[in-house]
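# Summary of structural features
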Amino acid sequence: MKSTIVPINTQNNKCESLSVNSFVSSEQIHSTSNDQKWTSSLIWAVIIVTFSTSFVMGVNTGGPNLYNGFITPWLRGYPFPCQKEDSTSQWIARVWLGCDYINTASKNQNGYYYLPSIPEKRRVAQNFIDSLHGIIFVIGAAIGSFTGQYWYLFLTRRNALIMAMLFQIVASILMISTLLIYHANNLNDPNLLDIQLALQNKDLAISLFYLSRFLSGWSAGLSCVVTPIYLTDISPRKMRGTLVTYHQLLIVIGVLIGQIVSLPWLLGQHDKWHLGMAWIGIFPLVGCFLMWTLDESPRWLIQDRQRHAAIESLRNLRKTNDIEEEIKEIEREELTVNIQDSSLFRLLTSSRFRWPLLTSIILTGVSQFSGINAVLFYSHGIFSQMGLLEDKVYWTVLSTGMSLVISTLFSIKLIESFGRRPLILYPLAIIVIIMILLSIFLKINPEGLIIVILLLILLFITLFAVGLGTIPYLYPNEVFTISVRPIAHSIAMFSLFFNDALVIVLFPLLHSILNSYVFLIFCIYCLLSFVFLWKKMPETKYKKFHEIEEFWW
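It should be emphasised that the depicted structure is a prediction, and the values quoted were computed from it without experimental measurement. (Residues numbered from 1 in each chain as written. Predicted model: local features only at pLDDT ≥ 70, side-chain atom pairs only at ≥ 80, totals over all residues. Heavy atoms only, no water.)

## A short note on unusual backbone geometry
Our working rule: Secondary structure counts use DSSP, requiring at least four H or I residues in a row for a helix and at least two E residues in a row for a strand, with both numbered from the N terminus.
The backbone of Lys 319 sits at a positive phi, close to 55°, despite the residue not being glycine. Counting through the fold element by element, Lys 319 comes out in the loop between helix H12 (307-318) and helix H13 (324-339).

Now the structure itself:
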């Protein structure tokens, strides 16, 4: 069958209409044969976009883990320097501020030198309240991911990215203000006047803190939808897997940098943690200006009937004039989008999309319920309970960030060499075994087996990074038709952050009840997901859509 696409009235860079002699479905569209490689424009676009969005998300994920020792008492209404709970933050207060945790008889006359202990019957509820800022971050991310489809459809792709950056800029400004209006630096036993002055703006500051975390989450969720879509739009077909992998790579680099900045030798101190949570706003601030140097998505320009602008954009990205076939391919695909129903109702009710949707949801779900966020958000507490004290906790946490970065670097090559399916299934099978071993070793003798446990955690992080860390961002773009891809990708990312929220909410509660056996819950989820994905997840590398569909039917 033939499809003739005729641009009418190309004045003012506009293509006013498309005429069709016969319909060409998306699965019948053949790839253009292009062998484009990296160009300077493509490299520049990847650097600007990923450092302004993906990297920022990583810092917001990795940093708060090590600031919790300062954030927790501050949120409870105890902002004085020596009011610290865990051994690591007490070590920082002792070494950097000279706090005395030995000669306690002459201290704490008004109850504001040391942090009051939490009664056992209130500990579960208090743990939930202490983790609320992480929950709010993930709720914002879930909303940002679900609404992402609307941002980049009604705005341009580039403007949607700028909106994600603006959310983070506002979040950073709010975060800086929190400790400016609610803090206490009195190293002596505070008197009643000191206490009253310190607490007078507490409610406002905490409200701004939660709002900042919500906006950071919204920015992260929006970025997880818009960034992969933009990278996919500007990349040659054969490089799409590689380019989307850079989104995950910059996330994990951000996690590592966030961990490094939170060291007590830098910003991980009583009066600097808010700067450690806010400094990352510099990147989207610069990115907002540099984004105007990037090319708009050629696909979006075709959608907006700006064919001439799309040609110029693609020429600059490919650094060649030989782009007519690629433009025609985009036009054929977008013509299919205009003809087909792309509503949420169709996505949820059509039998054609049942397995793509279910596999996308399970894939993003297991990426979070594999246990990775228990490690990223709560590794500080886990390692402390294993007997690691003082600065040893920091170096151990940093090892998790370094493992993530190194493994993700390898995944850039592996994802195109081995394909998607093997990098999900085989690591997932090994993760099931690791979770069983962690449950046993943490129960038997966590301090005596600390090296073995740490090695198991690092192996788990490596296995996660090569598959579950990257492929969930890429897979929805490969298994859905062009017409429903935007909303399908948003639903997949919503599933990711919804499961992320469940882990953050449930892990402290379940850990307090089940102790080390909490890892068996991750084990069961991974095992069930492995069975489902083994049966229903196709290989998508270099596959046309009709070839992927044949796996299910």
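## Comments concerning the pattern of salt bridges
We count it as follows: What makes a salt bridge here is a side-chain nitrogen of Lys or Arg within 4 Å of a carboxyl oxygen of Asp or Glu, nothing more. Relative accessible area decides the class of each residue, using a 1.4 Å probe on protein chains only: under 20% of the type maximum gives buried, over 50% gives exposed, and in between gives partly exposed.
Taken as a whole, this structure holds 9 salt bridges when the rule is applied. For Lys 202, the salt bridge is made with Asp 203, and the minimal N-O distance between the two is 3.3 Å. What makes Asp 203 exposed here is its relative accessible area of 54%. Across the salt bridge formed by Arg 307 and Glu 324, the nearest N and O atoms sit 2.8 Å from each other. Here Arg 307 is found in helix H12, whereas its partner Glu 324 is found in helix H13, with 17 residues between them in sequence. If you follow the salt bridges from partner to partner, you end up with Arg 157, Asp 233 and Arg 299 in one network.

## Examining the nonpolar core
So the rule is basically this: Among buried residues, those of type Ala, Val, Leu, Ile, Met, Phe, Trp, Tyr and Cys that are joined through side-chain atoms within 4.5 Å constitute a nonpolar core. Between two residues, a contact is recorded if the distance between any of their heavy atoms is within 4.5 Å.
Counting residues in each nonpolar core, the largest one holds 137 residues, and the members touching the most others are Trp 74, Phe 209, Trp 273 and Leu 347. With 16 residues, helix H7 (residues 202-234) is the largest single contributor of residues to this core. Residue contacts for Trp 273: discarding those within four places in its chain leaves Tyr 67, Phe 70, Ile 71, Trp 74, Met 175, Leu 179, Phe 209 and Leu 267. Counting 10 residues, the second largest nonpolar core, distinct from the first, contains Trp 300, Ala 309, Ala 310 and Ile 327.

## Re the packing of aromatic side chains
The criterion, for reference: Within 6.5 Å between ring centres, the rings of Phe, Tyr and Trp (the latter by its six-membered ring) count as paired, and their orientation is classed by plane angle as stacked under 30 degrees, edge-to-face over 60, tilted in between. The criterion is that NZ of a Lys, or CZ of an Arg, lies within 6 Å of the ring centre and within 35 degrees of the ring normal, and then a charge sits over that ring.
Scanning the model with the defined rule gives 25 aromatic pairs in all. Ring centres of Trp 74 and Phe 209 lie 5.6 Å apart, and the angle between their planes is 65°; this geometry places the pair in the edge-to-face category. One end of the pair, Trp 74, is in helix H1 (residues 40-76); the other, Phe 209, is in helix H7, and 135 residues separate them in sequence. Under the relative-accessibility criterion, Trp 74 is labelled buried at 3%. Among the aromatic residues, those joined into a ring-pair cluster are Trp 74, Tyr 182, Phe 209, Tyr 210 and Trp 273. Across the ring face of Trp 355, the terminal group of Lys 536 is positioned such that the distance to the ring centre comes to 4.2 Å.

## Quick word on the state of the cysteines
This is how it is decided: Cysteine sulfur atoms are paired as a disulfide whenever they fall within 2.5 Å.
The tally for this structure, following the rule as stated, stands at 1 disulfide. Note that Cys 82 is cross-linked by a disulfide to Cys 99, the S-S spacing being 2.0 Å. Across the disulfide from Cys 82 to Cys 99, rotation about the S-S bond amounts to roughly -85°, and the bridge is consequently left-handed. Here the residue Cys 82 occupies a position in the loop between H1 and helix H2 (87-97), and Cys 99 occupies one in the loop between H2 and helix H3 (123-130), the gap between them amounting to 17 residues. Of the two residues, Cys 82 and Cys 99, both sit in the buried class. Cys 523 supplies the cysteine sulfur nearest to Cys 526, a cysteine that is in no disulfide, at a spacing of 7.2 Å.

## What about the side chain of Gln 126?
Following the sequence through the fold, Gln 126 ends up in helix H3. Leave out the neighbours within four places in its chain, and Gln 126 touches Arg 76 and Ile 118.

## Some points on H7
Under the convention used in this document: Residue count minus one, scaled by 1.5 Å, sets the expected span of a helix. Bending is quantified residue by residue as the angle between axes fitted to the seven-residue window ending at that residue and the seven-residue window starting at it.
Between its terminal C-alpha atoms H7 stretches 47 Å, which fits the 48 Å expected from 33 residues at 1.5 Å a residue. Maximum bend of H7: about 30°, positioned at Ser 223. With 27 of 33 residues buried, H7 lies mostly within the body of the structure.

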